[in-house]
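What follows is the residue order along each chain.
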Amino acid sequence: MTDKKWLVSIALIISVFGFLLIRFASESSKIQYIVDELKGEKEQAFKRRHIVLIEQEQGHPYWQLVEKGATEAAQADNIAIECIGPVRNSMEEQIKLLEKAIASKVDGIIVQGLNDSLFTPVINKAVERGIPVLTIDTDAPTSKRLAYIGTDNVEAGRRLGEIVVQTTGGTGKIGVIVGSESAESQLQRLSGLRSVIDEYKGLQIVDVRASNISMMEAIQQAADMLQLHPDIGMMVGTSATDAFGILQAQKSLKRDDIRIAGFDDLQETLDAIRKGEIEATVVQQPYGMGEMSVHLFNDYFQGRTLPSTQFTKVEVIDKSQLKAE
């Protein structure tokens, strides 16, 4: 009887031990599941976002400043950024790069919306696939982009027109070199310029040509224009390298009577203003555009609502604001 009780006790102990072992294994499994789940959430929360900046032309001085602002902001916000763009200005190549960024399933895209009707369908495609898009420098206002960051280009064109009026006294023939005949930003600047010129009966824009944001092409187009219209008294450039290109054409033709106004603050342009060779330039904030775009994406990734439009300031720089050499 004693042996029987002993066997029963042993069996009972084994049963209890087995139950506790099974319970322990079950609870351990639940704990591990929770740990894994929390680990996954933590990894997701601290996932480094990957965005792409699509430039109009890589290596162009203006876009180098945009890229610098964007990359420094990305470093500060712990965002991985890839800066890409055509080697030579090409809207078709930009659209291809935009399609490639969509296919790569990046976390966000910053792109210049050069032509609203061409870029809007591709921007919308990105958004519909869950990739937010910011437009920079040039907007695609009818697209589903999150926000536009850049210059109010119509107002900037008006500022350029005010330089023309101040320089000419409201009379004379004007020649214009635009960066592109298809980029919306350039057309908006031209529109703003025209709106001021049209207020003065003595002023007339006699020719408009495109440089395709190329210094060499700006030189060639300006030279051709001056030879075709020798009565032009002032020339205006609406993209970064245009004014300095006009200056080189003026010098090659020995036309010291031509007055020049331009856009952006390339060192060559500022040096020419300091020497009195260029009257003034309308200055944008390309570094600020790049910087602000990345910071806005960082806000968006953290669940904040973005303003639909974020204009960066412009200012006019003339000789009075620059120190003599």
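- As annotated in an unreviewed UniProt entry, the protein chain carries the name Sugar-binding protein and is attributed to Paenibacillus chondroitinus.
- The UniProt entry for the protein chain carries the following text under Subcellular location (unreviewed entry): "Cell envelope".
- Here the protein chain is described in UniProt, under the heading Sequence similarities (unreviewed entry), as follows: "Belongs to the bacterial solute-binding protein 2 family."

## Overview of the sheet that holds strand β8 (residues 232-237)
Paired through their backbone hydrogen bonds, the strands of a sheet run either parallel or antiparallel.
Then, in step 1: Spatial strand order, β7-β6-β8-β9-β10-β12: six strands in an open sheet with mixed pairing. For this open sheet the edge positions go to β7 (203-210) and β12 (315-318), each flanked by a neighbour on one side alone. The average angle at which neighbouring strand axes cross in this sheet is 20°, direction not considered.
Then, in step 2: Here five bridges tie strand β6 (residues 172-178) to β8, and the two strands are oriented parallel to one another. Considered in β8, the bridge of Gly-175 is made with Met-235.
Then, in step 3: Contacts from helix α7 (residues 215-228) reach β6, β7 and β8 within the one sheet, and its direction differs from that of β7 by about 140°.

## Focus on the packing of aromatic side chains
Then, in step 1: Within this structure, the stated rule accounts for four aromatic pairs.
Then, in step 2: Residues Tyr-62 and Trp-63 carry aromatic rings whose centres are separated by 5.6 Å and whose planes lie at 80° to one another, so their mutual orientation is edge-to-face.
Then, in step 3: A ring pair is formed by Tyr-148 and Phe-311, whose centres lie 6.2 Å apart and whose planes are at 75°; its orientation type is edge-to-face. With Tyr-148 in strand β5 (residues 147-150) and Phe-311 in strand β11 (residues 309-311), the pair connects residues that are 163 residues apart, well separated along the chain.

## Regarding the packing of helix α2 (residues 61-77) against helix α10 (residues 286-301)
Then, in step 1: It is the contact of α2 with α10, at a shortest axis distance of 6 Å, that shows an interaxial angle of 35°. Regarding α2 and α10, the two cross each other, and that crossing is right-handed. Across from Tyr-62, Leu-65, Val-66, Lys-68, Gly-69, Ala-70, Glu-72, Ala-73, Ala-74 and Asp-77 in α2, the residues of α10 making contact are Pro-286, Tyr-287, Met-289, Gly-290, Glu-291, Val-294, His-295 and Asn-298.
Then, in step 2: Of the residues belonging to the contact of α2 with α10, the class tally is ten nonpolar, four polar and four charged.

## Digging into the pairing of β5
Then, in step 1: Burial along β5 is two-sided: Ala-147 and Ile-149 facing one way and Tyr-148 and Gly-150 facing the other are all buried.
Then, in step 2: Sheet topology places strand β4 (residues 133-136) next to β5; three bridges connect them, and they run parallel. Within the sheet, the bridge partner assigned to Leu-134 lies in β5 and is Ala-147.
Then, in step 3: Bridge analysis of β5 against β11 gives three bridges, and the strand direction is parallel. Directly across from Tyr-148, in β11, lies its bridge partner Thr-309.

## Side note on the sheet that holds strand β1 (residues 50-54)
Then, in step 1: With parallel pairing, the six strands of this open sheet are ordered in space as β2-β1-β3-β4-β5-β11. Looking at which strands have only one partner, the edges of the open sheet turn out to be β2 (80-84) and β11. Each strand axis lies, on average, 15° off the axis of its neighbour in the sheet, ignoring direction.
Then, in step 2: Against the sheet, helix α3 (residues 91-103) makes contact with β1, β2 and β3 (108-111), and its axis sits at roughly 175° relative to β1, the strand it touches most.

## Some details on the nonpolar core
Then, in step 1: Ranked by size, the top nonpolar core spans 23 residues in total, and within it Ile-51, Leu-53, Ile-110, Leu-134, Ile-136 and Val-294 carry the most contacts.
Then, in step 2: Going through the elements one at a time, β1, α2, β4, β5 and α10 are the ones with two or more residues in this core.
Then, in step 3: The element contributing the most residues to this core is α2, with six residues.
Then, in step 4: With sequence-adjacent residues up to four places away left out, Leu-53 is seen in contact with Val-66, Glu-67, Ala-70, Ile-81, Glu-82, Cys-83, Ile-84, Ile-110 and Ile-136.
Then, in step 5: Counting residues in hydrophobic clusters, the runner-up holds 22 residues, among them Ala-210, Phe-263, Ala-280 and Val-314.

## Considerations on unusual backbone geometry
Leaving glycine aside, a negative phi is the common case for residues, and trans is the common case for peptide bonds.
Then, in step 1: Even without being glycine, Lys-105 reaches a positive phi, approximately 55°.
Then, in step 2: For Lys-105, the position within the fold is in the loop between α3 and β3.
Then, in step 3: A positive phi angle is found at Asn-212, which is not glycine, with a value near 55°.
Then, in step 4: Tracing the backbone shows Asn-212 in the loop between β7 and α7.

## A closer look at the pairing of strand β9 (residues 259-263)
Regular strands place side chains that alternate from one sheet face to the opposite one.
Then, in step 1: For β9, a buried count of four out of five residues is recorded, marking the element as mostly surrounded by other parts of the structure.
Then, in step 2: In the sheet, β8 pairs with β9 via three bridges, with the strands oriented parallel. Bridging from a neighbouring strand, Val-236 pairs with Ala-261 of β9.
Then, in step 3: Traced from β8 through helix α8 (residues 242-252) to β9, the parallel crossover comes out right-handed.
Then, in step 4: Pairing of β9 with strand β10 (residues 280-283), which is carried by three bridges, proceeds in the parallel orientation. For Ala-261, the partnering residue across the bridge sits in β10 and is Ala-280.
Then, in step 5: Between β9 and its parallel partner β10, the chain crosses via helix α9 (residues 267-274), and the hand of that crossover is right-handed.

Calculation criteria
- Residues numbered from 1 in each chain as written.
- Predicted model: local features only at pLDDT ≥ 70, side-chain atom pairs only at ≥ 80, totals over all residues.
- Heavy atoms only, no water.
- UniProt positions renumbered as here; feature names shortened; annotations may be inferred.
- Pairing = 2+ DSSP bridges.
- Helix = DSSP H or I, 4+ residues; strand = E, 2+ residues; numbered from the N terminus.
- Axes fitted to C-alpha atoms, helices over the stretch in contact; angles between N-to-C directions.
- Contact = heavy atoms within 4.5 Å.
- Phe/Tyr/Trp six-rings, centres within 6.5 Å; stacked < 30°, edge-to-face > 60°.
- Left-handed = near helix turned anticlockwise from the far one by under 90°.
- Nonpolar A, V, L, I, M, F, W, Y, C, P; charged D, E, K, R; others polar.
- Buried < 20%, exposed > 50% of the residue type's maximum accessible area, 1.4 Å probe, protein only.
- Core = buried A, V, L, I, M, F, W, Y, C linked by side-chain atoms within 4.5 Å.
- Right-handed = clockwise from strand over helix to strand, strands pointing away.

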